[in-house]
Amino acid sequence: MPGRHLHATSLLLLLGGLLLAACDRPPEAHQLSGSTMGTTWSVQFIASPGSETAGLRQDIEMALETVNAQMSTYREDSDLSRFNRSDAGDRVELPADFARVLETALELAEQTGGAYDPTVGPLVNLWGFGPDGPRREPPPESDIEVARERVGWQKLDYEPDTGHLTQHGSIYLDFSSIAKGYGSDLMAEVLERRGISDYLVQIGGDMRVRGHRADGERWRIAVERPAEGERSIHSVIQPGDQAMATSGSYRNFFRDRDKAFSHTIDPRTGYPIPEDLVSVTVLADSAKQADALATAINVLGPDDGYAFARQRELAVLLLIRDGDRLREQMTPAFAAYVAEGAD
Ligand code: ADP
Ligand code: MG
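These numbers were taken from a predicted model, which means no experiment stands behind them. (Residues numbered from 1 in each chain as written. Chains lettered and ligands numbered in written order. Predicted model: local features only at pLDDT ≥ 70, side-chain atom pairs only at ≥ 80, totals over all residues. Heavy atoms only, no water.)

## Quick notes on the site of ligand 1
Which entries qualify depends on this criterion: Throughout, near means a residue has at least one heavy atom within 4 Å of the molecule or strand. Polar contact criterion, stated in full: a pair of N or O atoms within 3.5 Å, where within protein one must be able to donate a hydrogen and the other to accept it, and residues adjacent in sequence count only if both atoms are side-chain atoms. Note that accessible areas follow from Shrake-Rupley with a 1.4 Å probe, and for residues the cover is restricted to the protein chains shown. To qualify as a helix, a DSSP run of H or I must reach at least 4 residues; to qualify as a strand, a run of E must reach at least 2; elements of each kind are numbered from the N terminus. Classes in brief: Ala, Val, Leu, Ile, Met, Phe, Trp, Tyr, Cys and Pro nonpolar; Asp, Glu, Lys and Arg charged; the others, Gly included, polar.
Surveying the vicinity of ligand 1 reveals 17 residues, the closest of which are Ala 115, Asp 174, Ser 247, Ile 265 and Asp 291. Contacts to ligand 1 include Ala 115, whose backbone N or O atom sits 3.0 Å from a nitrogen atom. Expressed as a share of its isolated accessible area of 570 Å², the protein-covered part of ligand 1 is 91%. Of the residues forming the shell around ligand 1, the biggest block, three residues, is contributed by helix H8 (residues 287–311). Broken down by class, the residue content of the shell around ligand 1 amounts to seven nonpolar, six polar and four charged.

If you want it as structure tokens, here you go:
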């Protein structure tokens, strides 16, 4: 019967149309944000049909609270602050996340000959970049010498098998160069546990990326062209499934008589790093690694930092001040991820 046949055909067409519509509808993009660690966090993700998004904000805030409760120097009751108040010889059992971050920091301290050093805290505070608040002029030489005496990752005895840490001296740990990265890793873990595999998470300049955006394209991240008081784009990076961190002395510093003093301190000299290296961007598997490496390469400086990155085949972009110009230097590993330049 022609009528019935027609009916069946149009039903099929209709179904086909519905299926097409379901495929065509762009996946839903979500965004959450808040503040933490003196800056902001944000999470962008694509919810697939199987992913569980209820209560996500609470889970993310709980993960960030874990990092702050264990590793903040701005909280007197954090595990880290309690360790910093412990006496020489005290053997302290570390919570798991604290231990994971310390292990990465100590590895990097060893690899960089102490240019990166999680015990740099007394110098950071003395120069006015810690919880005691800012200062306007450099500290006296004698104070720098006293603070330097307290710095040195070799004064730490860490037992990886039991997670115990003993200090020999008056050690003050500072994880500000790595905690934001670690927080980003934890946020990514929260999403992955919920079956979310397309996301971009970040805390300040430290981010973790995986999968695609709602339009099916890979995530793109802009690297800033650093300049005081203004913001423009240097280049656009497509990192794939990776972490990226940018660490620069151009935003957190104080000025005294035409000289800028950065919040990144060279523990080998006790002084803030020179002004020539403006920013370092690093791609790595984890944001914890990328964050710490960016700080480490800043301290090593343009020449040693670049050599360090080449030797370890790291993906690194350095922006270097050359008189009035800004010179860029990138490792071959980094060049592979540049989507477009701003020029
Ligand atoms: P930001 O993202 O705020 O620029 P960074 O990741 O560059 O932060 O880390 C800078 C912070 O790291 C400083 O404020 C200080 O607390 C700490 N720091 C400074 N110098 C060193 C160093 N040589 N090794 C490890 N940590 C450092
Ligand atoms: Mg860092």
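## Regarding the domain arrangement of the chain
For clarity, the cut-off: Note: domain ranges come from an automatic or database domain assignment. We call two residues contacting when some pair of their heavy atoms lies within 4.5 Å. Once two parts are joined, some of their accessible surface, as seen by a 1.4 Å probe, is lost; buried area is that loss totalled over both.
Segmentation of the chain into domains returns domain 1 (28–73 + 175–211), domain 2 (83–166) and domain 3 (220–343). Computed over C-alpha atoms, the centres of domain 2 and domain 3 are 23 Å apart. With 24 residues of domain 2 in contact, the opposing surface of domain 3 contributes 25 residues. In total, domain 2 and domain 3 occlude about 2000 Å² of area from one another, counting both sides; carbon and sulfur atoms represent 69% of this. When residues of domain 2 are sorted by the area they lose upon contact with domain 3, Ala 115, Trp 127 and Phe 129 head the list and together hold 30% of the total. Taken together, the links from domain 2 to domain 3 amount to four residue pairs in polar contact (both at pLDDT 80 or more). Breaking the side of domain 2 that touches domain 3 down by element, the ones donating at least two residues are helix H4 (96–111), helix H5 (121–126) and helix H6 (141–149). Counting residues per element, the side of domain 2 that touches domain 3 draws most heavily on H4, at five residues. Partitioned by chemical class, the residues of the side of domain 2 that touches domain 3 number 12 nonpolar, five polar and seven charged.

## Digging into the sheet that holds strand E4 (residues 156–159)
Heads up, the condition is: Only strands joined by at least two bridges in the DSSP assignment are considered to pair. An axis is simply a line fitted to the C-alpha atoms; with a helix, the fit covers only the stretch in contact. Between two such axes, the angle follows the N-to-C directions and lies from 0 to 180 degrees.
Here three strands make up an open sheet; going across it, the order is E3-E5-E4 and the pairing antiparallel. Both outer strands of the open sheet, strand E3 (91–93) and E4, are each paired with one neighbouring strand and no more. Between one strand axis and the next, the sheet turns through 20° on average, direction left out of account. For E3 and strand E5 (residues 164–167), the ladder comprises three bridges, and the chain directions are antiparallel. By the bridge assignment, Glu 93 is partnered in E5 with His 164. H4 contacts E4 and E5 of the sheet and is inclined by roughly 125° relative to E4.

## Describing the environment of Leu 283
Put simply, the test is: Throughout this description, buried means an accessible area under 20% of the type-specific maximum (1.4 Å probe, protein chains only), exposed means over 50%, and partly exposed covers the range between.
Take Leu 283: it is sitting in strand E15 (residues 277–284). We classify Leu 283 as buried; its relative accessible area is 4%. C-alpha separation for the pair Leu 283 and Asp 198, spaced 85 residues apart in sequence, amounts to 18 Å. Not counting chain neighbours up to four residues away, the residues in contact with Leu 283 comprise Ile 237, Pro 239, Gln 242, Ala 243, Met 244, Ala 315, Phe 334 and Tyr 337.

## Quick word on the pairing of strand E17 (residues 325–330)
Two strands pair when backbone bridges link them, and strand E16 (residues 315–322) and E17 are joined in this way by six bridges, in the antiparallel orientation. Looking at the pairing, Ile 320 lines up with Arg 327 of E17. Where E16 folds back on E17, the antiparallel hairpin that results is connected by two residues, among which Gly 323 adopts a positive phi of roughly 65°.

## Details of the packing of H4 against H8
Operational definition: Small angles under 35 degrees read as roughly parallel and large ones over 145 as roughly antiparallel, with 65 to 115 read as roughly perpendicular and the rest as oblique.
For the pair H4 and H8, interaxial distance at closest approach is 10 Å and the crossing angle is 5°. Put simply, H4 runs roughly parallel to H8. Taken together, the residues of H8 that come into contact with H4 (itself represented by Arg 100, Val 101, Thr 104, Leu 108 and Gln 111) are Lys 288, Gln 289, Ala 292, Leu 293, Ala 296 and Phe 308. Looking at the contact of H4 with H8 residue by residue, the classes come out as six nonpolar, three polar and two charged.

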